[in-house]
Structures are given as C-alpha cells and as structure tokens.
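Residue strings, one per chain:
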Amino acid sequence: TVVRRLWDTQRQMEREGQYFKPILVAAGHFHSLVVVDRSTHHEIYGFGDNSYSQLGCVEVCDDDQICRSLCPSVTQEALTILFPSKLATLAPNSFPNYASTILSVASISAGAFHSVVLAGPCETCVRPSVCNSPPTCNCSLDLIGECAGREGDVLTWGSNVRGQLGDGRGATPWATSERPLNIRYAPESSLLGHTVTAVSAGSFHNLALTSNGSVFVWGGNYYGQLGLGDRRVRTVPVTIPFFGDHRRAT
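Being a predicted model, the structure only gives us computed values, none of them experimental. (Residues numbered from 1 in each chain as written. Predicted model: local features only at pLDDT ≥ 70, side-chain atom pairs only at ≥ 80, totals over all residues. Heavy atoms only, no water.)

## What to know about the overall build of the chain
The line we're drawing: Secondary structure elements are taken from DSSP: a helix is a run of H or I of four residues or more, a strand is a run of E of two residues or more, and numbering for both begins at the N terminus. Exposure classes here rest on a 1.4 Å probe applied to the protein chains alone. A residue is buried below 20% of its type maximum, exposed above 50%, and partly exposed in between. In what follows, residue pairs with any heavy atoms lying within 4.5 Å of each other are defined as contacts.
Along its length, the chain carries two helices and 16 strands. Here the chain, with 250 residues, has 49% of them falling under the buried criterion. In the chain, 51% of the contacts between residues at least 6 apart in sequence involve partners at least 24 apart.

What follows is the structure, given as structure tokens:
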C-alpha cells in the first residue's frame, strides 16, 4: 500500500542513519501531500493525480533506488503517481545553478487541483530566500544553501483555472504551473510587507492569515467564498475589508 511504501522508506533511511519523520499531511480531491522532516530540511512527498501539475515534477525511484525526475509537461508517466514520490522542484539540488535548496515548511494545504505551502524559518540558509526582493531584483546564482522561500512566504503550484495560484496570471481552463510560485512578490500582490502565519486551500480558492490579523483571499469566487461582496475571481491575494475594519474598531 501507499502508506506501507512510505513506512518502508522511513525504516530504510533510519537503518542508514538518516532522519526521516512525516510531520504534516494534506489531502486534495485526488492528490495527497506529506511533509517529511529530514533534520536539516523538509521534503514534500506527493501521490495521486498530477494531471494539473498539482504535484509538479516528482522524483520516482524503483526498487533498486534508481531515481529519475518526471514532469507532467514532458511525460504521461508523471500524470498519475501511485507511490509516495518526492516533489523534485522543492528538493535539495533541484533548482538550476543552486547547490542546495533547503525548504522549511510551516504548513501545507491542498485544493482540488492545486497545492499551497507556507514556508517556515530557514536558519540554515545562506540567505533567507532565493530572491527576497520583488521579481525585478538581481539574484546571485553562486550561493549554497538557498531556501525556496523565507518564513511567511506562500508557494503555490498546480491548476490556475480560477486564479487560485495567486500570481496574477489570467485564469484559463488549462493554466497550470508545475514549479512552485512565490506569490509574495507577484505583480499587484498585497502580500508584500506582510508575514503569513496560516494558509488554507479550498477547491479553487485560498485564504491566508497574517501576523497583524489581516485575512487575504484569492481564486474562484462563484459562490462568494472570497467574502468580498461580489462573485469576481481574484488572481492575486487581496484583503477582506470586513476583518480589517473590525480590527481597527477594537
């Protein structure tokens, strides 16, 4: 079974002296995510449907531990993942030009066909993030020990059919991203300058809570699930005025 396969991996790594402990889980409609603590960093394992890149590129290993990366944009083998497989785009050595990409996960959530991660503290990183300024910044490519996101960053990937990835792109039926997007720095995003402390994914929308008590929403809104008084899709995070107004009143 899937659970047995993950348990076998844990036992094997422990026998080899490697720390391996599942600490967080999330379930989407047809995909599952498990965060594993590896002592120096966290890894994310996924399994299930990947037809909308909700698992992204994955590292698939056979019984002889011969591993290869599979991306849904390249091969149909990556569209359905039957066993727990490491998400290759959030694993050490996965980003081009970086010797080590260390990810710390504070929480994880899964929508119908997308995934959301809230990054935790990265004390072991050379810098707090791969690029800790807006997208126009000039990032060095020769550092070791980079983090995929600094504490409070929100990473999204998978389907963007209702704008639920939050990066400002138009919502189209087949819009997807198999690589995580750090939406703190997305154009027109209101998250810049805020530290997110909690995230939750609905089927096609998301909520984020910040350290100052603001509530951000983005994605599908057909049923008014964004709480903004209309049914318009939001493709970048925006605050719900109701909670800000009540916070100021107190």
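## Some remarks on the environment of His42
Where we set the bar: Here a polar contact means two N or O atoms within 3.5 Å. Within protein one must be a hydrogen donor candidate and the other an acceptor candidate, and residues neighboring in sequence count only if both atoms are side-chain atoms.
Mapped onto the elements, His42 comes out in strand S3 (residues 42-49). Residue His42 is classed as buried on the basis of its relative accessible area of 13%. For the pair His42 and Phe20, spaced 22 residues apart in sequence, the C-alpha separation works out to 9.3 Å. When residues no more than four places from it in sequence are discounted, the contact partners of His42 are Ile23, Val35, Val36, Asp37, Leu90, Leu103, Ser104 and Val105. Reaching out from His42, the side chain makes a polar contact with the backbone nitrogen of Val105 at a distance of 2.9 Å.

## Focus: the pattern of salt bridges
So the rule is basically this: The term salt bridge refers to a side-chain nitrogen of Lys or Arg lying within 4 Å of a carboxyl oxygen of Asp or Glu.
A full pass over the atoms with the stated rule returns eight salt bridges. The residue Lys86 makes a salt bridge to Glu43 at a minimum N-O spacing of 3.5 Å. With a gap of 43 residues between them, Lys86 in strand S6 (residues 80-87) and Glu43 in strand S3 connect regions that are remote in the sequence. For the pair Lys86 and Glu43, a shared accessibility class is recorded, and that class is buried. The closest approach of N and O atoms between Arg169 and Asp167, which form a salt bridge, is 2.8 Å. Overall, the relative accessible area of 16% leaves Asp167 in the buried class.

## Focus on the environment of Arg162
By the element assignment, Arg162 lies in the loop between strand S11 (154-159) and strand S12 (176-182). Assessed through its relative accessible area of 40%, Arg162 is described here as partly exposed. Considered as a pair, Arg162 and His205 are 43 residues apart in the sequence and their alpha carbons are 7.5 Å apart. Not counting chain neighbours up to four residues away, the residues in contact with Arg162 comprise Ala171, Phe204, Gly219, Gly220, Val233 and Arg234.

## Focus: the confidence of the model for the chain
Put simply, the rule reads: In predicted models, pLDDT denotes the confidence assigned by the predictor to each residue on a 0 to 100 scale.
Averaged over all residues, the pLDDT of the chain equals 81, while 76% of them reach at least 70. Contacts for the low-pLDDT stretch residues 95-100, under 50 throughout, to residues beyond four places or in other chains number 19 contacts. Here residues 124-144 is modelled with pLDDT under 50, and outside its nearest four sequence neighbours on either side it reaches 44 contacts, counting other chains as well.

## Things to note about the environment of Val233
As for its placement among the helices and strands, Val233 is situated in the loop between strand S15 (215-219) and strand S16 (234-239). In this structure the C-alpha to C-alpha distance between Val233 and Arg162, which are 71 residues apart in sequence, comes to 6.6 Å. Discounting residues that sit within four places of it in the chain, Val233 has contacts with Arg162, Gly219, Gly220 and Asn221.

## Focus on the packing of aromatic side chains
Keep this limit in mind: Pairing of aromatic rings covers Phe, Tyr and the six-membered ring of Trp, with a centre-to-centre limit of 6.5 Å; geometry is then stacked below 30 degrees between planes, edge-to-face above 60, and tilted otherwise. Lysine NZ or arginine CZ positioned within 6 Å of the ring centre and within 35 degrees of the ring normal marks a charge as sitting over the ring.
Tallying each qualifying case throughout the model produces six aromatic pairs. On the basis of an interplanar angle of 75° and a centroid distance of 5.7 Å, the ring pair of Phe20 and Tyr45 is categorised as edge-to-face. Taken together, the positions of Phe20 in the loop between helix H1 (2-15) and strand S1 (21-27) and Tyr45 in strand S3 put the pair 25 residues apart, joining distant regions of the chain. The same class applies to Phe20 as to Tyr45, namely buried. With a centroid separation of 4.9 Å and an interplanar angle of 85°, the aromatic rings of Tyr222 and Tyr223 are classed as edge-to-face. The burial state of Tyr222 is the same as that of Tyr223; both residues are exposed. One aromatic cluster is present, built from ring pairs that chain together Phe30, Tyr52, Phe113 and Phe204. We note Arg162 situated over the ring of Phe204; from NZ or CZ to the ring centre the distance is 6.0 Å. The aromatic ring of Tyr222 is capped on one face by Arg231, whose charged end is 5.4 Å from the ring centroid.

## A look at the pairing of S6
Note the following rule: A pair of strands is considered paired only if DSSP assigns at least 2 bridges between the two.
Sheet analysis places S3 next to S6, joined by four bridges and oriented antiparallel. Across the sheet, Tyr45 pairs through a bridge with Lys86, a residue of S6. Bridge count for strand S4 (residues 58-61) against S6 is two bridges, and the pairing is antiparallel. Paired with Glu59 across the two strands is Lys86, which belongs to S6.

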